[in-house]
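These are the residues of each chain, in order.
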Amino acid sequence: MNTNEMYTRLGVSDAVLRFGDEVLAELADRFAHIDAVAEYNQAKVVGAMQENRLAAQHFNLSSGYGYDDAGRDNLENIYASVFHTEAALVRPQISCGTHALALALGANLLPGDQLLSPVGAPYDTLEEVIGIRPSVGSLREYGVRYAQVDLLDGGKFDYEGIRKAINEKTKLITIQRSKGYATRPSFSVKEIGELIAFCKECKPDVICMVDNCYGEFVDVIEPSDVGADMVVGSLIKNPGGGLAPTGGYICGRKDLIERCAYRLNAPGLGKEVGANLGLLTSLYQGFFLAPTVVSGATKGALFAARCYEKLGFRVVPTSAEPRNDIIQAVELGSREGMVAFCRGIQAAAPVDSYVTPEPWPMPGYDSDVIMAAGAFVQGSSIELSADGPIREPYAVYFQGGLTWYHAKLGILMSLQKMLEAGLIEL
Ligand SMILES: *Cc1c(COP(=O)(O)O)cnc(C)c1O
């Protein structure tokens, strides 16, 4: 058996392979820790499925109104068990992460209320949801005000600023776990817990919501274990395990989730309607696989960090820092670097490996974006993918990989394309 020969056939040169092996040798302890987290989380998910007596009947298709859909309801119970919350809304009718977040915000903020982000600017697509960039149907149009407290240098919370920003109008606090398209650090669940405790000390009845996108199963606890009233995410990221074809989730306090269901469907209908359209098997099975899939993606992120760090690029987080999400930012410093990196990721894909990614003006983003993805589920970023807005500091955000081996191939191919473009020397 000669694995190197297989890599050569896929287009990875000896120089890149040798470099990759050197890097991997340094990461053994970190990989062992990632495996231990996955093992714990696998037990957590299986336990929740057993506790909720998951059975074949729960995979049945429902259509039309979807009344009495036991499979849909049980999936929500299982999510609630895993996240240790009173309730959950997990639906294919929630189109994406942005939709889930817009739902959680819109359902729980009323005219005159104030929304506060104590962690700086939110994810790009939320700017229009909130109305930071004017948009039809934004929270701002409905009379919801927005306030933001930026992070201090070094990514620390500005507790003084936050205390000053919280007032009697502050209804909901939104905390984004992952860095998104920023080069600040992502927060650990523990740090989020400290921030929530502080906010609740300032105002005990304030609702704390966490944008959990890309964070699920990276740690053995989730933000809902440290005081979050709602945690929100996308099923084409971590918790869908690569199998969910669409969907989003909101887990949290029963009264808040009830409002989300009223908002998603209609007042009075709530959680009672919503056909599952035959998607439940992939939602359940994806959730079952998610801890393992996330561990592979986390290894890939760490491997990418160490490779590019060794080559002199700034990476966030560094290979020595603990990991709080599956995203790896690599500051490539130029448009050419971003393009070469993304072309490598694309060339490693099982689907659409022959296409060439180009920067384009993507809806919801205010600069051109380049994206590399050759995924079974369109746009799925738990699958191997890389993207980033073409602007300073020309950082590419790498994530996913349904298996560690595939994530590894992606990074090796990115190095190969960088090498061929004369952007690195090995
Ligand atoms: C991906 C993401 C979103 C938005 O999710 P979409 O599914 O792309 O709409 C929001 N917040 C964070 C931190 C994300 O990573």
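Everything numeric in this text was worked out from a predicted model, so none of it was measured. (Residues numbered from 1 in each chain as written. Predicted model: local features only at pLDDT ≥ 70, side-chain atom pairs only at ≥ 80, totals over all residues. Heavy atoms only, no water.)

### Examining the pattern of salt bridges
Moving on, step 1. Inspection of the entire model under this criterion finds 22 salt bridges.
Moving on, step 2. In this structure, Glu-127 and Arg-133 form a salt bridge, with 2.8 Å as the shortest nitrogen-oxygen distance.
Moving on, step 3. A salt bridge links Glu-331 to Arg-314; the shortest N-O distance between them is 2.4 Å. Here Glu-331 is found in strand S9 (residues 328–331), whereas its partner Arg-314 is found in strand S8 (residues 314–316), with 17 residues between them in sequence.
Moving on, step 4. Assessed through its relative accessible area of 15%, Glu-331 is described here as buried.
Moving on, step 5. Taken together, the shared-partner salt bridges in this structure form one network comprising Glu-26, Arg-306, Glu-309 and Lys-310. (Salt bridge = Lys/Arg side-chain N within 4 Å of Asp/Glu carboxyl O. Helix = DSSP H or I, 4+ residues; strand = E, 2+ residues; numbered from the N terminus. Buried < 20%, exposed > 50% of the residue type's maximum accessible area, 1.4 Å probe, protein only.)

### Thoughts on the domain arrangement of the protein chain
Moving on, step 1. Segmentation of the protein chain into domains returns domain 1 (3–42 + 288–420) and domain 2 (62–276).
Moving on, step 2. The gap between the C-alpha centroids of domain 1 and domain 2 is 27 Å.
Moving on, step 3. With 39 residues of domain 1 at the interface, the matching set in domain 2 holds 33 residues.
Moving on, step 4. For the domain 1 and domain 2 pair, buried surface summed over both sides reaches about 2800 Å², with 59% attributable to carbon and sulfur atoms.
Moving on, step 5. Counting the contacts that link domain 1 with domain 2 gives 2 salt bridges. (Domains from an automatic or database assignment. Contact = heavy atoms within 4.5 Å. Buried area = accessible area lost by both parts, 1.4 Å probe.)

### Quick word on the environment of Arg-133
Moving on, step 1. Of note, Arg-133 is situated in the loop between helix H6 (126–130) and strand S3 (145–148).
Moving on, step 2. C-alpha of Arg-133 to C-alpha of Asp-366: the two residues are 233 residues apart in sequence and 9.6 Å apart in space.
Moving on, step 3. One polar contact links Arg-133 to Glu-127, side chain to side chain, over a distance of 2.8 Å.
Moving on, step 4. A polar side-chain atom of Arg-133 sits 3.4 Å from a polar atom in the side chain of Glu-128. (Polar contact = N/O pair within 3.5 Å; in protein donor to acceptor, adjacent residues only side chain to side chain.)

### Regarding helix H3 (residues 28–51)
Moving on, step 1. Counted at 1.5 Å a residue, the expected span for H3 with its 24 residues is 34 Å, and the 35 Å between its end C-alpha atoms agrees.
Moving on, step 2. Those residues of H3 not exposed but buried are Phe-31, Ile-34, Val-37, Ala-38, Asn-41, Gln-42, Lys-44, Val-45, Ala-48 and Met-49.
Moving on, step 3. Buried positions along H3 lie against helix H2 (14–25), helix H4 (70–83), helix H10 (280–310) and helix H12 (404–420). (Expected span 1.5 Å × (residues − 1).)

### With respect to the site of the ligand
Moving on, step 1. If you check the shell around the ligand, you find Cys-96, Gly-97, Thr-98, Leu-101, Tyr-123, Gln-176, Asp-211, Cys-213, Tyr-214, Ser-234 and Lys-237 and nothing else.
Moving on, step 2. Taking Lys-237, its side chain carries an N or O atom lying 3.0 Å from an oxygen atom of the ligand.
Moving on, step 3. Protein contact buries 90% of the 380 Å² of open area that the ligand shows by itself.
Moving on, step 4. With respect to the pocket detection grid, the ligand is positioned in the largest pocket.
Moving on, step 5. In the shell around the ligand, the residues fall into 5 nonpolar, 4 polar and 2 charged. (Near = heavy atom within 4 Å. Areas by Shrake-Rupley, 256 points an atom, 1.4 Å probe, with all protein chains shown as cover. 1 Å grid on protein atoms, 1.4 Å probe; cavity = no way out; pocket = protein on both sides within 12 Å on 5 of 7 lines; lining within 4 Å. Sits in = over half its atoms within 2 Å of the grid points. Nonpolar A, V, L, I, M, F, W, Y, C, P; charged D, E, K, R; others polar.)

### Observations regarding helix H9 (residues 254–264)
Moving on, step 1. Among the residues making up H9, those that are buried are Leu-256, Ile-257, Cys-260, Ala-261 and Leu-264. Seen end-on, H9 carries its buried residues on one side only, within an arc spanning 140°.
Moving on, step 2. Lining the buried residues of H9 we find strand S1 (87–91), helix H5 (97–108), strand S5 (207–211), strand S6 (230–234) and strand S7 (248–252). (Arc of directions from axis to C-beta.)

### Quick notes on the packing of aromatic side chains
Moving on, step 1. In the structure shown here, the tally under the stated rule is 15 aromatic pairs.
Moving on, step 2. Aromatic side chains Tyr-65 and Tyr-67 sit 5.1 Å apart centroid to centroid with 15° between the ring planes, which places their arrangement in the stacked category.
Moving on, step 3. Looking at Tyr-65, the relative accessible area reads 60%, which means it is exposed.
Moving on, step 4. Given the relative accessible area of 48%, Tyr-67 is considered partly exposed.
Moving on, step 5. Centroid distance Tyr-79 to Tyr-249: 5.6 Å. Interplanar angle 45°. Geometry classified as tilted. Here Tyr-79 is found in helix H4, whereas its partner Tyr-249 is found in strand S7, with 170 residues between them in sequence. (Phe/Tyr/Trp six-rings, centres within 6.5 Å; stacked < 30°, edge-to-face > 60°.)

### Examining the sheet that holds S7
Hydrogen bonds between backbone groups are what pair the strands of a sheet, and the pairing can be parallel or antiparallel.
Moving on, step 1. Spatial strand order, S1-S7-S6-S5-S4-S2-S3: 7 strands in an open sheet with mixed pairing. One side of each edge strand has no neighbouring strand; the edge strands of this open sheet are S1 and S3. Each strand axis lies, on average, 20° off the axis of its neighbour in the sheet, ignoring direction.
Moving on, step 2. Sitting on the sheet, H9 touches S1, S5, S6 and S7, and the angle it makes with S1 is about 25°. (Pairing = 2+ DSSP bridges. Axes fitted to C-alpha atoms, helices over the stretch in contact; angles between N-to-C directions.)

### Thoughts on a nonpolar patch on the surface
Moving on, step 1. Taken together, the side chains of Tyr-65, Tyr-67 and Leu-269 present a nonpolar region at the surface, about 360 Å² in accessible area.
Moving on, step 2. Note that Leu-269 resides in the loop between H9 and H10. (Patch = residues over 30% accessible without salt bridge, like charges linked within 9 Å, V, L, I, M, F, W, Y side chains within 5 Å.)

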